[in-house]
Structures are given as C-alpha cells and as structure tokens.
Amino acid sequence: MTRMKTASISGTRHQHGRLRVRKGLLKGFAGLMLTTAVLGVTLSMSQAVYAEPAVQGSTNTAAVISQVRDLRTQAINALKTGDFEKTKQLLDQAYSVNRDPSIEQMQGWFGDFEGRRQEILKERNKSYEEQMAFAAKAVETGHPTFAIDYIADAYLYTPDKAGFRNLPEVDSAITRAVQLAQEAEDKSEWLTAVRLFGDLTRVEPGEVIWNTKFKESARRVRMLAMYTPDRYVEQAKAEFEIRLMAIKVIDPSNPASTRPAATQPSTQPSRQPSTTQPSTTQATTQANSDENEGLRVDWRDTLKGVNIRMLADAMEETNDAYFRNVNYRDLTLAGLQGVRTLILTGGLEDAFPKLADVKSRDQFCAVLDEQIAQVTASNATSRRVFDVAYRTMAASNDLSVKLPNEVLINTFIEGALSPLDQFSSMIWPSELADLAQTTQGEFSGVGIQIQSDESGSLKVISPIEESPAFRAGVEPESVITHINGDSAKGITVDRAKRAIQGAAGSTVTLTIRNVEGISKDFVLTRETIKVPSIKGWQHTPNTGDSGDSSWDFFIDPQQGIAYLRLTNFTRETGRDLAKAVKSIKEKGGKSIIIDLRDNPGGLLSAATEVVDKFIGQGTIVSTKAERDGSPENKINARQSADDSDIPMVILVNQFSASASEIVSGALKDHGRAVVVGERTFGKGSVQMLLDVANRSAKLKLTTSHYYLPSGRCIHKEDNSVEWGVDPDITVEMTREQMIEARQIRQKMDVLRMAGVSPLESNIGEKLIAVDPQLSAAMLVLRMQLANTQPLAIEARAGAMEKRG
C-alpha cells in the first residue's frame, strides 16, 4: 500500500513496475512533498519519510532499524547514568538516521526535562552567590556569628564541594565560627554553640572534632529542654531575637524579617547535626505562657518508673551485644563523664537547686573526678567496675547535690551510650507507646495528622480514613485550639500527640476551629488507628456513606506510569505494597515510581519484603558486626509466583535512611531499578530492641551494620567519605523546591469528601514542575517504555512482508 501510494503521487514507474528511488532521501523527500502539494493529496510527514526506505530492500531497512534501535537504547542507558549531554547527542543522532515518531517524542520529553534542569542549575548558582553575599554582609554589618550559617547553605549549592573549603572567605568564616562557638560554650549559650558546631559539620562533614563538639552541645541543649524548659525557652528566644535582628539587616527580603518575635519557631534539640531539611511540623515555643500549663511536658512524667535495674541491665546488654567491642570500663567512664557534664551545664539550677550551691557541687565533682581517675587507671573491664563507681557516685549525690535517682540514672546511661553510635539509646516506660506506633504502624488515638504552623497554632493536615476524627467530620486546615480544655497554642506536636492519644475506648475533647472561624467541641472516642505506610499519587474523594476511600496511583495514566510513596516501613508495608502493585497492574500500569524520599526507615523485615517482591533470587542485604569472630548473616530473596518484574525508578534524597537505603541499594545492585535523587543519609546500622528489667523498658542497641549486595557498607561514620546509596542519576533540589514540593504533596495527600474543597485540577502538574527529581523519574520510565515500542519503519516493513 505504501508503494502504490508513493508511485501514484510521483507519477513515475520503473519499466518492471518498481519505483525508481531518486538520488538521496532528502532529494526524494523534497520531490515527494512538492508533488503532494501540486496534486492536493493529503500525506503526513511521517508517512512520506517512511515510505521511501521501506522500498529500498529488506537488507537496508533492517540496517536502519538496527541502527536506530541501537542508538535509542544507548540514549536510555546514558540517561540512566545521568549523562544528559550524551543522551541528547544519541537522540539527535538517531533522529538524523530516521525521523521516527518515537525518537521525536523522546526528544520532546528530554527537551522539557533538560530545560527545567538548566533552570534549576541557574537557580542553584544564584542561590550560591546569594548565600556567599549574605555571609560577607553578616560580617560587614556586625553579625559575624551568622556568617557560617550562610556559608553552610552555600556549600549545598556549590558545584565544586572539594574546592569550596579552600576559598579564603570560607576559611575565614570557619576560623571565626570556631572562636565564637568556644565563647558560646564558655557563656553556657548552648543553643548558639549547637548551631555553630552544626554548621561546621555541614561545611566540613569529614572532620570528627565538629561532630564530637556538636554532640556535646546537643546533649546540653537536651538537658535544658528536658529539665528546665523555661530556661531553654529563654535561650531560644534570645537566639531567635538576635537572628531576627541579623536577618533584617542581612536579608530584609526574607519573610522571617517581618515575623513578630512572639511567634518564633523553637530550636528543637537533636542528636543530628543541623541540616536544611524543611520542616512541616516545626513547632513554636511559648512555654512561658500560663494558658497551656496543662499540656506542659514535665521530666518527671518522662522518667516515671526509671530504676537502677534498668540501668544495670542496659549496661550488661551493651557490654555483650554492641556491634563493636566495648566493655564495662569504657561504658562506666563515659557514664561518669556524662553526669559531670550535667553538673557543669549552666542553667539547670532551676530544676535542681543544690547545683547552685557551689560547695555541694564542688564536693560532688571531686568524687566524680576521683572515680573517673580510678576507672581510667584501672585495667579491669568487668561488671564490678560499674557497680563500685556507680554506688560511690550515688552515695556522694545523696550527700551533696541531691539529684533525683531517675535523673542520675538517665544521665549516666546517656553518657555511657554517647561514645557509641548515635542510634543506640534507652527507651523508658513512658516512651514505649511511641515506639509501638513507629514499628507496628498503629496507635490508639482519634486519627488526625497534625502540624504546627508559623503562628504556633496546631493545624489539622488531614484525618485518617475510617478514624473517629474522620467520621466526626473534622476538616483539613482546621485548627485545634484546646485539648481537654487546655490551650494548644504553641505546644509542640509531640506534646499534642501525647495529649490526644490514649487508651482505646477512652475519650478526648478537642476544640476545633474550622476555616470559616467556627469553633466546635468534638468529643472523640479513641480507638486503634492503622497508619498507612504506602500512599499513592493522590486521594480519590470519599464518595458517600460507606466511608470507602482509595488512592489514585497513576501519575501518567496515558503512559501507564504509577506512583507509590513509602512513608516508613512497618509490619504492614509488605502486604500493602503487594496490594498496591496488584491494583496497578490490573489497571494497566506499566511502570512504577517508588518514592522513598524523607523515609526514615523502620523494620528490617519490611524492607526485605519490599525487595523480595521485585527480585526472585540473590542477596537482599547482609549484616555483620565488628566484634571478634562475628559471623556475616545474609538475607536472600525467595522466588514467588507473585514476584513483579515491572520497571521501576526509586526516588531518594539525603533524608532517606535505614530501611529506605536497603531497598534502594538492593534494587539498584540487582539492576531492578534506576535510583534518582541525592545520596542517602547513611544510617546503615542494625538496632535490636532488647528488653530490660522484665520488659518494663527497652534498650535500642546497634548490633551490626548493613552491607548491600555489592559489599558496600551503608553506614556513615563521623569520618566517612563514602556512605549510603549513590543515585544512578543525581538530581539535586534547592531548599525552596523541597519546601514547595512538600507543601503541594501535602495537599494531594489530604483525604476529602466528594465535592468538598476539591483539589486544583492541575495540582499534579504543578508538583511535577517544581520537583526535578520526580520529573527525572518520569523521563526515565517514559523513555524506557517508548523503547519497547516498534519503530514506524519497522511496522511498515512488517506489514509489507505480510502482504508480500
């Protein structure tokens, strides 16, 4: 049919009935188009282009098909390694050989992405220059303590991280920050110290000393926040007001420069170095206010039930099971030094008045110093070292500063564990409920996702489907003003959760103001709430009385590309994933984007179940301790009838940790998924939850490290230069993009009743436009899927062969 059409248009036939091809494809194509125009025959460009090669003989056609296919595949392989320049070159080359619609479509997709990528690079460069300028201005205007903040932010945007440290202005800022941090320590300004040391860890991530100093300062901040929250708030206010004054001078266009001091965000104490992770749950601190006194956190509640048996059992388990060789001598020495740190942390006198008595404090410090010297000089490593030192210290405490026993125990074990990795910690009786929620994916409450907004109000993000809050009609974007009559203004999200949650069957009264300003008391009966660990592209509206709701998984229905976001790894994750993948396949899904960004991890068993879903054999992950004679334990995949071979891209970022790294790393090593984003967090340690004191408390202890199938250790040590999972395609996001993407994502996660506050029709397109990592994932899958389709010339040749 193609030959007949071409012949009739050109009006030229060979004497044997075959069409004589003119010199060169370009000349033939030009003549063909001219004749078409003259005769008024409608013929598309693609038909004209592909008509001529098809009649040149099967050998030449096969060669063209092979060449174009090969170039198309090479382009995709280049894309999978992040070589964007080569990808473009190969696509252009393929198109020059044969103007196939699939190549043209791939060029269009790539061109759209590349345009956005270049804009992002410009934005990053602009941000870099802005931060460096702000750093210089901070010094010029008399606010040198904040210069290192801007230098640390500039480090995120520089294309030359290796050379960044050698810049004179960077070296000067680091020198100045070290001096200022030391001054802050001398003045007991712990929030300033922790900020400065946190910035130094960001600029020089391989310097162990900054990590050590940061951890020391962070411990002091936690002590203030826990035992003397009012003093902590005073320091937070002072730090905020100084920062506000600096911002108004350095960066007056910053929205924070117009924020009233009464609504300052709190600086939450953390075990982690400071990061630029945008927080959607940032709380405001107004703990001095009497109006929320009923919801204040008291250290006595946190440490309720803590006893010496828990400490002794925790010391024994750590001595026996920590992944590296440790002993009672080392643990006891660190514990004594931890108590000494508390004694010398200025600001705790409000909680423990005897610390203000210089004679009592010096008396206790003398005993501590004596015990530290004795343990340091001792060669003994047995349990007796701990028993003697702790008894001596406790007896001296009773005669001097009189710290409560539970405070002494808590401080000692925190100190003992501090030289270990940052993920080993005690979980006291009051914290067991939160632990169950994290690992089991369920809790007892009313089913509301909440956050604190910039004004300190406790805002409802969304009710959870089929929860008491959802059934009662609690609406997204409304504000919880009171919990059981106590004001919720300015309290932290964690404190609010503890107040709202409780035993199943009990009630809680929430006073909620909706978006129209109407307040109402909701008396809600708590029940067991299932927290979904898997979300789709967006919620489909709830359609009626049944309360049924579901996720729309398709980000690109036309191409069959689905989207799954794993928020954490719980006992139900594997089962929920299998259901989601089955639904996607049944609805015509051809590929999946699995979003693990900001996923902090969870259960190892859940991570291995996810990987096992997509590979039929081979190692998923191995674990090994560094203790003498420790064996290597491997977890292998098992072939199953419901294993999925669907193409995948996995999204990760610097906040993807633990189980997220196992999943992304294993699927990358097995060639089952292309990983897009930024290098992951580097939390590759295995924590065991060990019962202590007859299960009345638990010790979370690192017992081994994770190793990927390739043999790479995931874990990041203080001096590591290699850690986590490196993406196949590195696509970095600016802080502003991360914030905007999270805000849009949050809107799409909201569960809505049909016809109530509908989503913007193009909100998904907005998210894709501001999220370059998501855009890159879609590009990879679109091109992979296009590569499975036959070329137009191939289809024509096949049709002719059938007729011939």
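The numbering scheme is per chain: residues are counted from 1 as the chain's sequence reads. Owing to the predicted nature of the model, reporting of local features is limited to residues with pLDDT of at least 70; listing and counting of side-chain atom pairs is limited to 80 or more, with chain, interface and lining totals taken over all residues. With hydrogens and water stripped out, all remaining heavy atoms of the structure feed into the side-chain values.

Draft legend 1. The overall build of the protein chain, seen in detail. Secondary structure counts use DSSP, requiring at least four H or I residues in a row for a helix and at least two E residues in a row for a strand, with both numbered from the N terminus. In terms of helices and strands, the protein chain carries 28 helices and 22 strands. Note on classification: 1.4 Å probe, protein chains only; a residue is buried when its accessible area is under 20% of the maximum for its type, exposed when over 50%, partly exposed between these limits. Counting all 804 residues of the protein chain, 50% fall into the buried class. Excluding contacts between residues fewer than 6 apart, the proportion of contacts in the protein chain whose partners are at least 24 apart in sequence is 71%. Only heavy atoms enter the contact rule, under which two residues are in contact if any of them lie within 4.5 Å.

Draft legend 2. Quick peek at the packing of aromatic side chains. To pair, rings of Phe, Tyr and Trp, with the six-membered ring standing in for Trp, must have centres within 6.5 Å; the planes then decide the type, stacked if under 30 degrees apart, edge-to-face if over 60, and tilted in the middle. Going through the model one piece at a time under the given rule, you end up with 14 aromatic pairs. Among the aromatic residues, those joined into a cluster by ring pairs are Tyr-328, Phe-386, Tyr-390 and Phe-412. Here, a charge over a ring is recorded when the distance from Lys NZ or Arg CZ to the ring centre is within 6 Å and its angle to the ring normal is within 35 degrees. Lys-683 extends its terminal NZ or CZ atom over the ring of Phe-423, reaching a point 4.8 Å from the ring centre. Above the plane of the ring of Trp-723 lies Lys-716, whose end atom (NZ or CZ) is 4.2 Å from the centre.

Draft legend 3. View of the side chain of Asp-556. Its location among the elements puts Asp-556 in strand S13 (residues 554–556). Assessed through its relative accessible area of 7%, Asp-556 is described here as buried. At 2.9 Å, the side chain of Asp-556 forms a polar contact with the side chain of Arg-782. Leaving out residues up to four positions away in the same chain, Asp-556 has contacts with Ile-561, Met-778 and Arg-782. Here a polar contact is recorded for every N or O atom pair within 3.5 Å, except that within protein the pair must consist of a potential hydrogen donor and a potential acceptor, and residues adjacent in sequence are included only if both atoms are side-chain atoms.

Draft legend 4. Just the side chain of Ser-656, in detail. On the secondary structure map, Ser-656 appears in the loop between strand S18 (648–652) and helix H24 (659–669). In this view, Ser-656 contacts Leu-596, Arg-597, Asp-598, Asn-599, Glu-661, Thr-680 and Phe-681; residues no more than four positions away in its chain are not counted.

Draft legend 5. How the structure looks around helix H14 (residues 308–321). In this model H14 runs 20 Å from its N-terminal to its C-terminal C-alpha over 14 residues, within 8% of the 20 Å that 1.5 Å per residue would give. Looking only at H14, the buried set comprises Met-310, Leu-311, Ala-312, Asp-313, Ala-314, Met-315, Thr-318 and Asn-319. Taken together, the buried residues of H14 touch helix H15 (328–343), helix H17 (383–399), helix H18 (405–417), strand S1 (425–427), strand S20 (685–692) and strand S21 (697–707). At the N-terminal boundary of H14, the capping side chain belongs to Asn-307, with an oxygen 3.1 Å from the backbone nitrogen of Arg-309. In this scheme, a helix's expected span is set at 1.5 Å multiplied by one less than its residue total.

Draft legend 6. Focus on a negative patch on the surface. Residues enter patches when their relative accessible area tops 30% and they take part in no salt bridge; the joining distance is 9 Å for like charges and 5 Å for the nonpolar side chains Val, Leu, Ile, Met, Phe, Trp and Tyr. Accessible areas in this description were obtained via Shrake-Rupley with a 1.4 Å probe; residue shielding takes into account the shown protein chains only. Whenever Lys or Arg places a side-chain nitrogen within 4 Å of a carboxyl oxygen from Asp or Glu, that contact is recorded as a salt bridge. Residues scored as charged are limited to Lys and Arg (positive) and Asp and Glu (negative), so that His and the chain ends carry no count. The atoms used to mark charge sites are NZ of Lys, CZ of Arg, CG of Asp and CD of Glu. On the surface, Glu-123, Glu-129, Glu-130 and Glu-736 cluster together to form a negatively charged patch. Looking at the negative patch element by element, the count peaks at three residues for helix H6 (residues 101–140). Note on placement: Glu-736 falls in helix H25 (residues 735–749). On the basis of relative accessible area, Glu-736 is assigned to the partly exposed category, the value being 45%.

Draft legend 7. Spatial organisation of the pattern of salt bridges. As enumerated under the stated definition, the model contains 37 salt bridges in all. Measuring nitrogen to oxygen at the nearest pair gives 2.9 Å for the salt bridge that ties Asp-595 to Arg-597. By relative accessible area, which is 3% here, Asp-595 ends up buried. Linked by salt bridges that have partners in common, Asp-149, Arg-195, Glu-239 and Arg-243 make up one network.

Draft legend 8. Spotlight on the nonpolar core. In terms of nonpolar packing, the biggest core is built from 95 residues, with Tyr-227 and Ile-343 touching the most fellow members. Residues in contact with Ile-343, not counting those within four places in the same chain, are Leu-355, Arg-361, Phe-364, Cys-365, Leu-368, Val-401 and Leu-403. With 51 residues, the next largest nonpolar core counts Val-674, Val-676, Met-778 and Ile-793 among its residues. What makes a nonpolar core is a set of buried Ala, Val, Leu, Ile, Met, Phe, Trp, Tyr and Cys residues whose side-chain atoms join them at distances within 4.5 Å.

Draft legend 9. Layout of the packing of H25 against helix H26 (residues 763–770). Each axis is a line fitted through C-alpha atoms, taken for helices only over the stretch in contact, and angles between the N-to-C directions span 0 to 180 degrees. Two elements in contact, H25 and H26, have axes separated by 9 Å at closest approach and are oriented at 155°. The angle between H25 and H26 falls in the class roughly antiparallel. Note that H25 runs across H26; the crossing there is left-handed. Along its contact with H25, which presents Gln-737, Glu-740, Ala-741, Ile-744, Arg-745, Lys-747 and Met-748, the element H26 presents Ile-763, Gly-764, Lys-766, Leu-767 and Val-770. Roughly parallel covers angles under 35 degrees, roughly antiparallel covers those over 145, roughly perpendicular covers 65 to 115, and oblique covers all other angles. Each crossing gets its handedness from the near helix: less than a right angle anticlockwise from the far helix is left-handed, clockwise is right-handed.

Draft legend 10. A look at the packing of H15 against H18. Viewed as axis vectors pointing N to C, H15 and H18 meet at an angle of 125°, and their least axial separation amounts to 7 Å. Here H15 is positioned oblique relative to H18, judged by the angle of their axes. The two elements H15 and H18 meet at a crossing, and its hand is right-handed. In this structure, H15 contributes Leu-331, Thr-332, Ala-334, Gly-335, Leu-336, Gly-338, Val-339 and Leu-342 to the contact, and H18 contributes Val-407, Leu-408, Thr-411, Phe-412, Gly-415 and Ala-416. The residue makeup of the contact of H15 with H18, split by class, is nine nonpolar, five polar and no charged. Side-chain classes follow a simple rule in which Ala, Val, Leu, Ile, Met, Phe, Trp, Tyr, Cys and Pro form the nonpolar group, Asp, Glu, Lys and Arg form the charged group, and the remainder, Gly included, forms the polar group.

Draft legend 11. Focus on helix H21 (residues 493–500). Residues of H21 that are buried include every one of Val-493, Arg-495, Ala-496, Ala-499 and Ile-500, and no others. Down the axis of H21, the smallest arc covering the buried residues is 160°, so these residues share one side. Buried residues along H21 sit in contact with strand S3 (448–452), strand S4 (458–463), strand S5 (479–483) and strand S7 (507–513). What the arc describes is the spread of directions from the helix axis to the C-beta atoms.

Draft legend 12. Up close: the environment of Val-385. Within the secondary structure, Val-385 sits in helix H17. Through-space distance from the C-alpha of Val-385 to that of Tyr-328 is 6.6 Å; in sequence the pair is 57 residues apart. The contacts of Val-385, once residues within four sequence positions are left out, are Arg-329, Thr-332, Val-375 and Ala-380.

Draft legend 13. Structural detail: the pairing of S21. Within S21, eight of the eleven residues are buried, leaving the element largely enclosed by the surrounding structure. Alignment of strand S16 (residues 619–624) against S21, held across three bridges, turns out to be antiparallel. If you follow Lys-624 over to S21, its bridge partner there is His-705. Paired strands, in this sense, are two strands between which DSSP finds at least two bridges. Both S20 and S21 contribute to a ladder of eight bridges, which runs antiparallel. Within S21, the residue paired with Gln-687 across the bridge is Thr-702.

Draft legend 14. Here's a closer look at the confidence of the model for the protein chain. Scored by pLDDT, the protein chain has a mean of 83; 82% of the residues are at 70 or more. Predicted confidence for residues 1–57 stays below pLDDT 50, and this span has 59 contacts to residues more than four positions away or in other chains. pLDDT is a per-residue confidence score from the predictor, ranging from 0 to 100. The low-confidence segment residues 260–291, where pLDDT is below 50, has 94 contacts with residues more than four positions distant or belonging to other chains.

Draft legend 15. Just unusual backbone geometry, in detail. If you check the backbone angles, Ser-188 has positive phi at about 60° while not being a glycine. On the secondary structure map, Ser-188 appears in the loop between helix H9 (168–186) and helix H10 (190–203). Unusually for a residue other than glycine, Asn-484 sits at a positive phi of about 50°. Position of Asn-484 among the secondary structure elements: in the loop between S5 and strand S6 (486–487).

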